[in-house]
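Architecture and fold: a report
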Amino acid sequence: MASAPPAPDADVDPFTAVESLRAALDRAGIVLPSLRADPASPTLRLVELGRVRADVALRLAHALERRETAP
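Figured I'd write up the structure that's included with this text. Everything numeric here is computed off the predicted structure, so don't read it as measured data.

Looking at the overall build of the protein chain
Scanning the protein chain from terminus to terminus reveals two helices and two strands. Its helices and strands in sequence order give the protein chain the pattern α-β-β-α, from N to C terminus. Looking at the protein chain residue by residue over its 71 residues, the buried ones come to 15%. Taking all contacts inside the protein chain whose residues are at least 6 apart in sequence as the whole, residues at least 24 apart take part in 40%. Surface summary for the protein chain: the accessible area is close to 5,800 Å², and the carbon and sulfur share equals 60%.

Some details on the pattern of salt bridges
Tallied over the full model, the rule gives four salt bridges. Residues D11 and R45 are paired through a salt bridge, measuring 3.4 Å at the closest nitrogen-oxygen approach. You can see D11 sitting in the segment before α1 (14–27) and its partner R45 sitting in the loop between β1 (36–37) and β2 (47–48), a full 34 residues away along the chain. Among the ionic pairs, E19 bridges to R22, the shortest N-O distance being 3.8 Å. Of the two residues, E19 and R22 both sit in helix α1, three residues apart, roughly one turn of that helix. Since its relative accessible area comes to 33%, R22 is described here as partly exposed.

Parameters and conventions
Residues numbered from 1 in each chain as written. Predicted model: local features only at pLDDT ≥ 70, side-chain atom pairs only at ≥ 80, totals over all residues. Heavy atoms only, no water. Helix = DSSP H or I, 4+ residues; strand = E, 2+ residues; numbered from the N terminus. Buried < 20%, exposed > 50% of the residue type's maximum accessible area, 1.4 Å probe, protein only. Contact = heavy atoms within 4.5 Å. Areas by Shrake-Rupley, 256 points an atom, 1.4 Å probe, with all protein chains shown as cover. Salt bridge = Lys/Arg side-chain N within 4 Å of Asp/Glu carboxyl O.

Here it is as structure tokens:
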């Protein structure tokens with residue numbers, strides 16, 4: 001079972017966030033090749049999702065929709 005997401009103001013390590021997101025996307029069969037922690041903004045803790053093909057964006061949208069409608 002997935003744990004609850006951290007509070008928006010929590011100190012979240014971007015590298016940990018990237019690995020968690022990469023694993024979740026992998027389980028959904030989705031690869032974001034440019035997914036990485038943004039090295040240019042260490043104090044902002046940004047995660048760069050990068051650019052993807054339209055079919056990958058659509059698969060990501062469908063995966064999120066399935067999760068929203070799951071009981």
